[in-house]
Amino acid sequence: MSFELHNCVALNRDLPERGLKSGDLGAVVHVYDTEAFEVEFVTPSGETAALLTLHASDLRSVDDGDVLAVRRLDKSA
């Protein structure tokens, strides 16, 4: 699947080294090609929690069947 600039995406897998979990919501901030994307994950206050280059298989589209949630970010990762 390919994503476009500014698409909201959900993480498909846990990234414990970055404190992120599957389902965390991010935004595509740069498209390298059809398989590589820079994705920003932010806190509710707008602070960047992580900025990562991810493969398309690490991401999925979000839709009306998804529910947003809030959890504590594990900053010790």
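Everything here concerns the structure above.
Calculation notes
Throughout, a residue's number is its position along its own chain's written sequence, starting from 1. Owing to the predicted nature of the model, reporting of local features is limited to residues with pLDDT of at least 70; listing and counting of side-chain atom pairs is limited to 80 or more, with chain, interface and lining totals taken over all residues. Only hydrogens and water are set aside; all other atoms, that is, all heavy atoms of the structure, feed into the side-chain values. Helix numbers and strand numbers start at the N terminus; a helix is a DSSP run of H or I with at least 4 residues, a strand a run of E with at least 2. Exposure is judged per residue with a 1.4 Å probe applied to protein chains only, and the accessible area is read against the type maximum: over 50% gives exposed, under 20% gives buried, and values in between give partly exposed. Here a residue-residue contact requires only that any non-hydrogen atoms of the pair lie within 4.5 Å. Think of a salt bridge as a Lys or Arg side-chain nitrogen and an Asp or Glu carboxyl oxygen that are within 4 Å of each other.

Caption draft 1: Layout of the environment of E4. Its place among the elements puts E4 in the segment before β1 (8–11). On the basis of relative accessibility, which here comes to 57%, the residue E4 falls in the exposed class. Put simply, E4 and T34 are 30 residues apart on the chain and 8.9 Å apart in space, counted from C-alpha to C-alpha. The contact partners of E4, leaving out residues within four places of it in the chain, are V28 and V31.

Caption draft 2: The arrangement of the pattern of salt bridges in detail. One pass over the full model with this rule turns up three salt bridges. For the salt bridge of R71 with D24, the shortest nitrogen-to-oxygen distance reads 2.5 Å. Within this pair, whereas R71 is found in the segment after β5 (59–61), its partner D24 is found in the loop between β1 and β2 (25–31), the two being separated by 47 residues in sequence. A residue is classified by how much of its surface remains accessible, and R71, at 34% relative accessible area, is partly exposed.

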